[in-house]
Amino acid sequence: MTVSDRAAELFAAEHGRAASAVWSAPGRVNLIGEHTDYNDGFVLPMAIPHRVAVAVGPREDRKLVTTTLGDDGELHQADEAVVDDLRPGSPTGWSAFPAGVAWSLREAGHAIPGLNLMIVGDVPTGAGLSSSHALQCALALALLDHVGLAPGEPGAPSLAEIARLVQRSENDYVGAPTGLLDQTASLRCVESHVLFFDVRTGDSEQVPFDPRSAGLELLVIDTRAKHSHSESGYGERRKGCERAADLLDVKALRDISVAELPTATKKLPDELQPLVKHVVTENERVLSTVELLRSGGYAEIGPLLNASHASLRDDYRVSCLELDVAVDAAVRSGALGARMIGGGFGGSAIALISSADRERVESAVRDAFAERSLTEPRVFIAIPSAGAGRDL
């Protein structure tokens with residue numbers, strides 16, 4: 001049973017009538033291009049098969065009543081909220097995620113009524129796979145559909161506009177200073193492709209990416225080291241990049257080229273130099289990866305993945321023991337390339353491997369974690385999948 005089927009089933013059982021619609025959105029893996037989105041740079045994400053589904057139905061009052069199927073198999077109800085009373089800071093905690101979406105849509109002029117919501121998902125939480133954005137994108141689409149503004153309807157916001165509404169929800173309501181990568185990936189990715197997205201211009205290209213056709217697989221290693229954008233050094237890094245851009249008199253670090261990097265860093269305090277180095281070189285790695293994928297050179301992107309991890313570890317300083325152990329073990333056991341993904345300080349890594357080497361790489365990673373008495377990681381293959389859509 002899919003998460004959408006389960007959401008529909010539980011909604012009917014909870015409320016005694018069928019949901020008016022069920023929308024779902026996927027988690028994501030960013031192939032390369034980390035911490036570049038909020039610097040007006042380039043990213044290269046893909047959707048994964050794991051999704052969050054939202055079943056929605058009307059209420060006669062103005063309340064937003066959200067029920068979630070938890071990892072424990074039990075139903076949990078978030079704090080009830082009156083749509084007209086939603087303000088940043090109330091409700092807080094997990095309840096802020098659905099409330100923030102309704103608030104953001106309301107603030108954009110959309111007449112959001114009282115609603116019953118049922119949320120079911122299988123995107124691992126805390127793994128850096130964007131479970132919160134999958135939830136928010138599915139919810140935004142479900143709410144807009146409920147008021148007759150589903151994508152493609154007259155007057156409906158575009159997917160790019162919906163991504164920014166979700167970003168506002170997370171930035172201004174939840175309090176996490178995220179960029180546009182995760183929302184855009186969840187909404188716009190397509191099967192068997194990665195999305196080459198220019199955050200500044202909004203230009204995008206669906207670049208074919210089907211590792212299995214080349215005898216390869218993209219392994220995801222969930223280290224189970226939990227992370228949180230709103231509680232980590234993510235915001236600190238973002239502020240550092242903004243300060244560096246101001247000191248260099250550019251709109252964003254995207255405006256600095258690799259050739260200009262040595263001169264630019266000399267103008268900066270020591271603590272900002274490595275941040276700028278990472279962003280500038282990571283943008284270049286995205287462009288190089290896209291060129292290789294366009295020509296079908298899947299196996300040749302491995303060194304770029306390795307270089308990305310080294311930069312995130314040494315320059316941006318957002319890695320951690322578990323991520324480094326995962327990447328090092330994968331590469332030593334035959335992976336073509338590997339790197340951490342997401343905001344950092346925990347979460348997941350990816351490794352590009354030959355399908356024939358999967359068992360060896362997985363065993364090496366698990367053994368490396370066991371040797372250090374770390375929690376056993378969760379490992380699975382990421383298949384480039386479809387973005388958000390209506391299921392029922």
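Each chain has its residues counted from 1, following the order in which its sequence is written. Residues qualify for local features only when their pLDDT is at least 70, as the model is predicted, and side-chain atom pairs are given and counted only at 80 or more; totals for whole chains, interfaces and linings, by contrast, use all residues. Based on all heavy atoms of the structure, the side-chain values leave hydrogens and waters out of the count.

1. Notes on the packing of aromatic side chains
Then, in step 1: The aromatic pairing rule takes the rings of Phe, Tyr and Trp, using the six-membered ring of Trp, and pairs them if the centres are within 6.5 Å, calling planes under 30 degrees apart stacked, those over 60 edge-to-face and the rest tilted. This model, assessed by the stated rule, comprises four aromatic pairs.
Then, in step 2: Ring geometry for Phe 42 versus Phe 196: centroids 5.9 Å apart, planes at 40°, classification tilted. With a gap of 154 residues between them, Phe 42 in strand E2 (residues 42-58) and Phe 196 in strand E7 (residues 193-198) connect regions that are remote in the sequence.
Then, in step 3: Remark: exposure states derive from per-residue accessible area (1.4 Å probe, protein chains only) relative to the maximum for the residue type, with buried under 20%, exposed over 50%, and partly exposed in between. On the basis of relative accessible area, Phe 196 is assigned to the buried category, the value being 13%. Note on conventions: DSSP H or I runs of at least 4 residues are helices, E runs of at least 2 residues are strands, and numbering of each starts at the N terminus.

2. Thoughts on the domain arrangement of the chain
Then, in step 1: Its domain assignment divides the chain into domain 1 (3-208 + 386-390) and domain 2 (211-382).
Then, in step 2: Here domain 1 and domain 2 have C-alpha centroids that lie 25 Å from each other.
Then, in step 3: Contacts are residue-level and defined by heavy atoms, with any inter-residue pair within 4.5 Å sufficient. On the domain 2 side, the residues contacting the 38 residues of domain 1 number 48 residues.
Then, in step 4: Carbon and sulfur atoms supply 62% of the area that domain 1 and domain 2 bury against each other, a total of about 3600 Å² over both sides. Reported domain spans reflect what an automatic or database domain assignment gives. What counts as buried area is the accessible surface, traced by a 1.4 Å probe, that two parts surrender upon association, with contributions from both included.

3. Some remarks on the nonpolar core
Then, in step 1: Nonpolar core, defined: a set of buried Ala, Val, Leu, Ile, Met, Phe, Trp, Tyr and Cys residues in which side-chain atoms within 4.5 Å join the residues together. Of all hydrophobic cores here, the largest spans 79 residues; its most connected members are Val 29, Leu 31, Leu 44, Leu 129, Leu 143, Leu 218 and Leu 293.
Then, in step 2: No other element matches the 10 residues that helix H3 (residues 131-146) contributes to this core.
Then, in step 3: Counting only domains with at least three residues in this core, you end up with domain 1 (3-208 + 386-390) and domain 2 (211-382).
Then, in step 4: Beyond its immediate stretch of four places on either side in the chain, Leu 293 contacts Leu 31, Leu 44, Val 194, Val 207, Pro 208, Phe 209, Tyr 298 and Ile 301.
Then, in step 5: Counting 41 residues, the second-largest nonpolar core is a separate cluster that includes Tyr 316, Val 327, Met 340 and Ile 353.

4. As for the side chain of Ser 104
Then, in step 1: Topologically, Ser 104 is positioned in helix H2 (residues 96-107).
Then, in step 2: For this analysis, a polar contact is any N or O atom pair within 3.5 Å, provided that within protein one partner can donate a hydrogen and the other can accept it, and provided that sequence-adjacent residues contribute only side-chain to side-chain pairs. One polar contact links the side chain of Ser 104 to the main-chain carbonyl oxygen of Leu 165, over a distance of 2.7 Å.
Then, in step 3: With near-sequence residues (within four places) excluded, Ser 104 lies in contact with Leu 165, Arg 168 and Ser 169.

5. Some thoughts on the UniProt feature "domain: GHMP kinase N-terminal" (unreviewed entry) in the chain
Then, in step 1: UniProt positions are given in the numbering used here, feature names are shortened, and annotations may be inferred rather than shown by experiment. This chain's UniProt record puts "domain: GHMP kinase N-terminal" (unreviewed entry) on residues 100-187.
Then, in step 2: The distance from the first to the last C-alpha atom of residues 100-187 is 18 Å, and the span holds 53% helix and 8% strand.

6. Describing the pairing of strand E9 (residues 216-225)
Then, in step 1: Across the 10 residues of E9, nine count as buried, placing the element largely inside the fold.
Then, in step 2: Two strands are counted as paired when DSSP detects at least two bridges linking them. Pairing of E9 with strand E11 (residues 347-354), which is carried by eight bridges, proceeds in the antiparallel orientation. Its bridge partner lying in E11, Ala 225 is registered against Gly 347.
Then, in step 3: Where E9 and strand E12 (residues 378-381) come together, four bridges link them in antiparallel fashion. In the sheet register, Val 220 faces E12, and the bridge partner there is Phe 380.

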